[in-house]
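# Report on the structure
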Amino acid sequence: SGNVGGLRLWDVASGAEAAPAEGHTRNVCALAVAPNGDLLSGSWDNTARVWRDGATVAVLAGHESAVWAVLGLESGVLVTGSGDKTIKLWQDGVCVKTLAGHTDSVRSLQRVPGIGFISAANDGTAKLWSEQGDELATYVCHEQYIYAVAVLSSSEFATCSEDKSVKIFRDGQPSQTIQHPGVVWSAAALPNGDLVTGCQDGAVRVWTRCAERAAPAEEVVMYEEQLAAQTMSSQETGNVDPSKLPGPEALQAPGDSDGQVKLVKSASGGAEAHSWSAAEGRWVMVGTVVDGPGGGGGGASG
C-alpha cells in the first residue's frame, strides 16, 4: 500500500488507477481474490477485509496479531492465517472455526483442488486441511521460516524459506530442493506448471520441467556462479576444521538425499559447501565457509 492501511486498485486494460480503497489502520500485508471475485486483504491491524467494487463489505476481526495470509474457498468460506499462530474459517463475516495446529506465525494459505487448503508457517511446517478445517497431514519442510507455499497440483506443492531454498513435495514426500542465492520470499505456480520464485537478491526466477522452456546454458552458469559466491559462517557449519575435511574427491560419491549438504576442503585449504541435486544427479556448490557472519549473496533478512 502506498498509503498506510490503504489499497491501490488499478484498471489492467488502461493502466489507470481507480479510487483508493481505505479501511485498514496499519500496513496491508496479504491479498487474494476469492472465487466469487471479491478481493481479500490482511493487515497488521489484526483484521482481514472483504472488498467488492472498491468498498469494504465485511471486516473479519478476531485474530490477536497480524493477518499474514488470506484465502477464499469454493464453498464461500474465507480462511485467514495470523501471527497469533492460528487459522480462522469465516462464513458470512462470522468466525466459525479456529485451527490451532501451527506453533508459530502462519504465513501462507493456498487452495488444494479437490481436497481443501494448505498452510505454511514460521514453524517450518506445512499442513493440509479439509475445507471443513480438519487436519489431514503435516509436512516437515524446513528448519527455518516458510514464507510461502505454492500448489502445483492436488498431489504436489512447493515451499520457500529463510534457508534460501525451495522444496518440492510430491505425494507427501520431498522430491526436490532448489537452492537460491538468498532468502526466498515468495513462490507461485503458473497455469502451465512452471514455478516462479522471488528472491532476496532482487531476482525473479522461473523454474520449469519443460525442456523447450529451459534457460540458455549461459544463464544456468550465471545462476550456479551466484550460488557458489555465497558465504556461510563457520558457526553455521559447526565450526568444522577445514583441514580435517575430505577433499573434492568426496564429491564423486552420490548424496543420500536431495538437498543434502556436504563440506569439502577447497584447493586453497578452506571449506566449501555443496548440495546434492537428485534431479541432476550431481553436487552443486552453494557457498564457502568463512569466519564471522556469513550471508554473502543474501544479507540480512529483515
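Before reading on, note that the structure itself is shown above.
These notes cover the structure that comes with them.

Cut-offs applied
Residues numbered from 1 in each chain as written. Predicted model: local features only at pLDDT ≥ 70, side-chain atom pairs only at ≥ 80, totals over all residues. Heavy atoms only, no water. Helix = DSSP H or I, 4+ residues; strand = E, 2+ residues; numbered from the N terminus. Polar contact = N/O pair within 3.5 Å; in protein donor to acceptor, adjacent residues only side chain to side chain. Contact = heavy atoms within 4.5 Å. Phe/Tyr/Trp six-rings, centres within 6.5 Å; stacked < 30°, edge-to-face > 60°. Buried < 20%, exposed > 50% of the residue type's maximum accessible area, 1.4 Å probe, protein only. Pairing = 2+ DSSP bridges. Axes fitted to C-alpha atoms, helices over the stretch in contact; angles between N-to-C directions.

## Description of the side chain of Thr125
Relative to the elements of secondary structure, Thr125 occurs in strand S13 (residues 125–130). A distance of 3.3 Å separates the side chain of Thr125 from the side chain of His102, its partner in a polar contact. At 2.8 Å, the side chain of Thr125 and the side chain of Asp123 are in polar contact. Thr125 has contacts with His102, Ser119, Ala120, Thr138, Tyr139, Val140, Cys141 and Ile146, leaving out every residue within four places of it along the chain.

## Structural notes on the packing of aromatic side chains
The tally for this structure, following the rule as stated, stands at eight aromatic pairs. Ring plane angle 5 degrees and centroid distance 5.1 Å describe the contact between Phe157 and Phe169, whose orientation is recorded as stacked. Here Phe157 is found in strand S16 (residues 156–161), whereas its partner Phe169 is found in strand S17 (residues 165–170), with 12 residues between them in sequence. Each member of the pair, Phe157 together with Phe169, is buried.

## Topic: the sheet that holds strand S14 (residues 135–140)
Read across the open sheet, the four strands follow the order S11-S12-S13-S14; overall the sheet is antiparallel. Among the strands making up the open sheet, the edge pair consists of strand S11 (106–112) and S14. Adjacent strand axes in the sheet meet at a mean angle of 20 degrees when their direction is disregarded. Where S11 meets strand S12 (residues 116–121), six bridges bridge the pair, whose relative direction is antiparallel. Paired with Val106 across the two strands is Ala121, which belongs to S12.

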